[in-house]
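Survey of secondary and tertiary structure
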Protein chains: 2
Amino acid sequence: MNAPVALTPELLTQLTAIVGENRIKTDADSLENWGKDHTKHFNPNPSVIVFPSTTEQVQEVVKLANQFNIAITPSGGRTGLSAGAVATNGEIVISMDKMNQILEFFPADRMVRVQAGVVTEQLQNYAEEQGMYYPVDFASAGSSQIGGNIGTNAGGIKVIKYGMTRNWVLGLTVVTGKGDILRLNKGMIKNATGYALQHLFIGGEGTLGLVTEAEIKLERQPQNLQVLVLGVPDFDAVMPVLHAFQKDIDLTAFEFFGELAMQKVLDRGHVQRPFETQCPFYVLLEFEAPYEPIIDKAMEIFEHCMEQGWVLDGVMSQSLDQVESLWRLREDISESIAPFIPYKNDISVLITHVPAFIREIDAIVQENYPDFEICWFGHIGDGNLHLNILKPENLTKDEFFAKCQVVNKYVFDTVKKYDGSISAEHGVGMTKKPYLEYSRSAEEIEYMKALKKVFDPKGIMNPGKLFDL
Amino acid sequence: MNAPVALTPELLTQLTAIVGENRIKTDADSLENWGKDHTKHFNPNPSVIVFPSTTEQVQEVVKLANQFNIAITPSGGRTGLSAGAVATNGEIVISMDKMNQILEFFPADRMVRVQAGVVTEQLQNYAEEQGMYYPVDFASAGSSQIGGNIGTNAGGIKVIKYGMTRNWVLGLTVVTGKGDILRLNKGMIKNATGYALQHLFIGGEGTLGLVTEAEIKLERQPQNLQVLVLGVPDFDAVMPVLHAFQKDIDLTAFEFFGELAMQKVLDRGHVQRPFETQCPFYVLLEFEAPYEPIIDKAMEIFEHCMEQGWVLDGVMSQSLDQVESLWRLREDISESIAPFIPYKNDISVLITHVPAFIREIDAIVQENYPDFEICWFGHIGDGNLHLNILKPENLTKDEFFAKCQVVNKYVFDTVKKYDGSISAEHGVGMTKKPYLEYSRSAEEIEYMKALKKVFDPKGIMNPGKLFDL
């Protein structure tokens, strides 16, 4: 990591000349505000915040940073959960807030070209106005920016059908750490002309360069979405239910959560239990039903699952309102457990290994901390589990987190045993940096560091994130 | 490029010790056979062919090659069309022919782990036996190998729905040019732990390392596929037809071809004209119709297109046999024009630009070589055009190709003008190497060369392909 460089008057003058006087901030409130993301473990301490309007301005700032040997932290919607966009060390923060234009729509290509600061929801709404659909969706869609989504390869609740952000990126304009502007892949579906450099920047957490524009693919709008919530007797029943539906119906979501999560959501009093039977686990599945026979088919599979004993009870949405209220059982979990100061992990393993993995983690926590409650939920359809340990009342926050650190080690050992990921969709940033070796081999990390040197030889782009050089 | 190194007895002994006596060939026929792919412009001249059985054996060979400073050419199904797998300079050819095992099936993940030498059709058949589907399909599926498909990011006829090979790779085992074994991404859908190195090897044409195993995603089988062939009055009508169908129906293919291509196919006498009306262009579209109303919807759109004058005539498949015979109108084109010694280009531009692009190329060829016939066909649904110029009878092959080289320059200038790709799905290899700069900027090429040095510092992996160092 570079030593912090004080913001000299000369540097400030030159930065101002690049972005303009009203596009630069150095007051304490702004440094605090734009110096961090949604994580709270690190104290923001940038030198200056700049708000460029064009790719060329970003390039000028990067060249200047190289010249002055001062680090850059990219900043998007600041919704990150791994401290990938926190400036702690006198950095120049490049905020994309003013690069928020949707530039061009290509109907024949079902594609849109956007600046990196476009907010996810803004893109979703724009797509809808064109009669199209942008399917990457998650709780923070109202503030997260496309550039940040690309930097962490954001996932969310529709991955089982639509995949991660990576699937929707047809082209990228980036400014590398060296200060070169690259226009990568230019929106093409088919282009076999050498290394697909765009894929390094997707999920690269801004450590190789800054994404300034993107060509994003859109999809047709989903038609007549239906939601089923099913109660299952144990986790082992979840898999046959997944298979039974997936065989005949293209699912747009397959989520799961435990009874504890259900209770916490119900306790808030905004939604009601979907059916009488209390079950250890629940699955929520969603699918398109543009034709009546698909609903008949779903009911048939539902009944088959009941007969097999895989499902104890269930309900299917009867209206658009009910689709929304059933989704809240799943979507309100994070907010509902927030008062219990959950210790969060965002992990993934092969779907095949999920049942054994959950059993092992439950056993480990039970054995070591029998008074800890585990709130499981996640995107089973793609092997992504959100493991939330709730703080018992008798522990202080610090005592609790200290014990969780110990649990963490067990959890990551188990992730490694199953060849899983310590960060499924939240990135590494600073919070997961110490654990990177649980998911990537020493050789892989060496190659990553060597690639970083190619694009960012002076190590000025988002240093201290992902790994230390 | 390295100077050729003679195959010393010592090297031969050590190679034999690694792969075994019956897994090494040095006879002239074998050198000729495994020293080339489907291109004919280069004379194969390797030193030795080895047939390793395991990733570890590949690693040993790569380490040895580094030690002796001798180049390696990877060899798969040898169906490549850009001389990406031709050994011209005394190389060790590593053939994946004996690494042809399907290793493990993960039903819950809809995933299969395979060795790189598995043939595409072998994987397609295996998937079918499991009640699943591998959707990457093209004419050479009977011989092309998965490793080669990955190396060129192969596309084919179902890309509009299923995407390129890249979309189906959930994990890769590679041996880098340096001799490290990397197990990349391990089959996960969600894994946000740093740079997605696997994406460099996908489409990397074996210049960074050798793919030895892959985790491949499978899909449910398509249900009740239907095919429509429509005749259109001019190319401008193709786009509204695409939009009209795509709005309401998920297409699995949207192909086009000109009347000249149709005539060449009909001349062979294997299939009949699908309807009386002779049209300048035809589109073939395919979709799933698991429910009757989808067919009604398709007929409704068809009629709408007729009323609008976008379609002059058309036919819908009435049976599985007819699905196959209609597909032959498109699939038999390459073979039907082969006797006319076509000069082939495989290019892509945004779908938006296709009509203007085709007009410009037609005009350029007409102006410069009014006696040349252009046979257009391709995957319009993803902007991929196969431009085939047929040899006039009065020219010798050499005269014809010399003139085509001149046309080529115009074609690639036009590709560049539209920010397109000079190789949509065939890769660069040696045949497109001189033209790489038409699709990639000088800066991009410099970064690619620097990445090559990271993974292959001695430049022994498939040298002379993609670019010269």
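Remember, predicted model here, so these are calculated numbers, not experimental data. (Residues numbered from 1 in each chain as written. Chains lettered and ligands numbered in written order. Predicted model: local features only at pLDDT ≥ 70, side-chain atom pairs only at ≥ 80, totals over all residues. Heavy atoms only, no water.)

**Details of the overall build of chain A**
What chain A contains, in helices and strands, is 15 helices and 18 strands. Its C-alpha atoms give chain A a radius of gyration of 23 Å, within 12% of the compact-globule value 23 Å for 469 residues. Overall, chain A is about 75 × 55 × 45 Å in size when its C-alpha atoms are taken along their principal axes. Out of the 469 residues in chain A, the part that is buried amounts to 62%. Partitioning the contacts of chain A with sequence separation of at least 6, the portion at a separation of at least 24 is 72%. (Helix = DSSP H or I, 4+ residues; strand = E, 2+ residues; numbered from the N terminus. Rg over C-alpha atoms; globule rule 2.2 N^0.38 Å. Buried < 20%, exposed > 50% of the residue type's maximum accessible area, 1.4 Å probe, protein only. Contact = heavy atoms within 4.5 Å.)

**Here we look at the packing of helix 1 (residues 9–19) of chain B against helix 3 (residues 55–68) of chain B**
Residue and element names in this part refer to chain B. At their nearest, the axes of helix 1 and helix 3 sit 9 Å apart, and the two run at 165° to each other. Judged by the angle between their axes, helix 1 and helix 3 are roughly antiparallel. Handedness of the crossing formed by helix 1 with helix 3: right-handed. Residue-level contacts link Glu10, Leu11, Gln14, Leu15, Ile18 and Val19 of helix 1 to Gln57, Glu60, Val61, Leu64 and Phe68 of helix 3. Here the contact of helix 1 with helix 3 is composed, by residue class, of 7 nonpolar, 2 polar and 2 charged. (Axes fitted to C-alpha atoms, helices over the stretch in contact; angles between N-to-C directions. Parallel < 35°, antiparallel > 145°, perpendicular 65-115°, else oblique. Left-handed = near helix turned anticlockwise from the far one by under 90°. Nonpolar A, V, L, I, M, F, W, Y, C, P; charged D, E, K, R; others polar.)

**Examining the UniProt feature "domain: FAD-binding PCMH-type" (unreviewed entry) in chain A**
Taking the UniProt record as the reference, the feature "domain: FAD-binding PCMH-type" (unreviewed entry) is found at residues 42–221 of chain A. Structurally, residues 42–221 of chain A is divided into 22% helix and 26% strand, and its ends, taken at the C-alpha atoms, are 40 Å apart. (UniProt positions renumbered as here; feature names shortened; annotations may be inferred.)

**Things to note about the interface of chain A and chain B**
Each partner contributes to the interface: chain A provides 81 residues, whereas chain B provides 81 residues. Between chain A and chain B, a total of about 6,800 Å² is buried, with carbon and sulfur atoms accounting for 58% of that surface. If you sort the residues of chain A by the area they bury against chain B, Lys190(A), Tyr195(A) and Tyr447(A) come out on top, with a joint share of 16%. Connecting chain A to chain B are 8 salt bridges. With a shortest N-O distance of 2.6 Å, Asp250(B) and Arg220(A) are connected by a salt bridge. The tally of links from chain A across to chain B stands at 38 residue pairs in polar contact (both at pLDDT 80 or more). The set of elements that each furnish at least two residues to the side of chain A that touches chain B consists of strand 9 (181–184), helix 7 (198–201), helix 8 (238–248), helix 10 (292–307) and helix 15 (442–455) of chain A. (Buried area = accessible area lost by both parts, 1.4 Å probe. Salt bridge = Lys/Arg side-chain N within 4 Å of Asp/Glu carboxyl O. Polar contact = N/O pair within 3.5 Å; in protein donor to acceptor, adjacent residues only side chain to side chain.)

**Here we look at unusual backbone geometry**
Residue and element names in this part refer to chain A. Its identity as a non-glycine residue notwithstanding, Asn185 has a phi of 70°, on the positive side. Its place among the elements puts Asn185 in the loop between strand 9 and helix 7. Residue class for Asn185 comes out buried when judged on its relative accessible area of 12%.

**Overview of the relation of the copies chain A and chain B**
Both copies of the chain are related by one operation, a rotation about an axis with a shift along it. Turning chain A through 180° and shifting it by 0.0 Å along the axis lays it on chain B, with an RMSD of 0.0 Å. In short, the pair behaves as if placed about a two-fold rotation axis. Comparing contact sets, 100% of the residues at the interface of chain A also lie at the interface in chain B, consistent with an isologous, same-surface contact. (Least-squares fit on C-alpha atoms with pLDDT ≥ 70 in both.)

**Looking at the sheet that holds strand 12 (residues 225–232) of chain A**
All names here are of chain A. Pairing in this open sheet of 7 strands is antiparallel, and the strands run 15-12-14-13-17-18-16 from one edge to the other. Where the open sheet ends on each side, the last strands, each with one partner, are strand 15 (313–316) and strand 16 (343–348). Neighbour-to-neighbour, the strand axes of this sheet turn through a mean angle of 15°, independent of strand direction. Relative to strand 14 (residues 281–288), strand 12 runs antiparallel, the two sharing 8 bridges. Bridge pairing in strand 14 links Leu225 to Glu288. Against the sheet, helix 9 (residues 259–267) contacts strand 13 (251–258), strand 14, strand 17 (373–379) and strand 18 (384–390), and its axis sits at roughly 90° relative to strand 13. (Pairing = 2+ DSSP bridges.)

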